[in-house]
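# A closer look at the structure
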Amino acid sequence: MILALTGSSVDGPLYRDVVDLAHRSPGRLDGVVTLWSTYGLAVFALLMVVGWWRARRVDAAAGTTALCVPVAVLVAFGADAGLKALVREDRPCRGLPFPTLEACPALGDWSFPSNHTAIAVAAAVALFFVSRRLGLLASGFAVAMAASRMWVGVHYPHDVLVGALVGGPVAFLVMTLLRHWPRGLSGRPAATRLRPLLVS
């Protein structure tokens, strides 16, 4: 037997309002939001590749910093997943009788906090260390990801809020710690076969 918490008492009414708005919105909009909610994380991966490709044209230190971005995102994801397993909050689509745009995840696929949001916000914060423009672009996409997860009905508002509060600070901390290393670490790899990864 799986014992899970419910978050409906926190912001259940706001969740219902969002889901109701989604059902009253044009089908094309719902289709775009659902597509983004499902596959949007691929865009953040693409932005990381773009950031790395540009950074390696600067110098080895910049290239190394860019390679730290996915590390920061993975650490943020791990922290978020750990909290999710600890809290074990059931999905709102299981506890509240409202049809949702996206099929309700399986029992045991916990809701709090949102992994998608944590990853998106972590990527945005980490990309600021590589490029302000990429960071700003990713921040807009991160907001869209957080909103889409509520829109399709798989997360409460507090799930995405805490996901952002986990992903962002963890990524900032990891990148802050790692950014002091590139100048010391990039010298040796830049003189080996790893050089193409760090500098063009």
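A brief report on the enclosed structure follows. (Residues numbered from 1 in each chain as written. Predicted model: local features only at pLDDT ≥ 70, side-chain atom pairs only at ≥ 80, totals over all residues. Heavy atoms only, no water.)

## Considering the environment of aspartate 11
Along the chain, aspartate 11 turns up in helix H1 (residues 8–24). Residues aspartate 11 and histidine 158, spaced 147 residues apart in sequence, show a C-alpha to C-alpha distance of 7.1 Å. Not counting the four nearest positions on each side in its chain, aspartate 11 is found in contact with Tyr156, Pro157 and His158. (Helix = DSSP H or I, 4+ residues; strand = E, 2+ residues; numbered from the N terminus. Contact = heavy atoms within 4.5 Å.)

## Digging into the packing of aromatic side chains
Throughout the structure, instances matching the rule amount to five aromatic pairs. Pairing tryptophan 36 with phenylalanine 44 gives two aromatic rings, centres 6.3 Å apart and planes at 50 degrees, and the pair type is tilted. Accessibility assignment for this pair places tryptophan 36 and phenylalanine 44 in one class, buried. Through successive ring pairs, a cluster of aromatic residues spans Trp36, Phe44 and Phe141. (Phe/Tyr/Trp six-rings, centres within 6.5 Å; stacked < 30°, edge-to-face > 60°. Buried < 20%, exposed > 50% of the residue type's maximum accessible area, 1.4 Å probe, protein only.)

## Re the nonpolar core
Within the largest apolar cluster, 25 residues are counted, with the highest numbers of intra-cluster contacts made by Phe44, Val69 and Val73. Tallying contributions element by element places helix H6 (residues 115–128) first for this core, with eight residues. Not counting residues within four places of it along the chain, the set of residues in contact with phenylalanine 44 comprises Trp36, Ala120, Ala123, Ala138, Phe141 and Ala142. Counting nine residues, the second-largest nonpolar core is a separate cluster that includes Val18, Ala22, Val33 and Val160. (Core = buried A, V, L, I, M, F, W, Y, C linked by side-chain atoms within 4.5 Å.)

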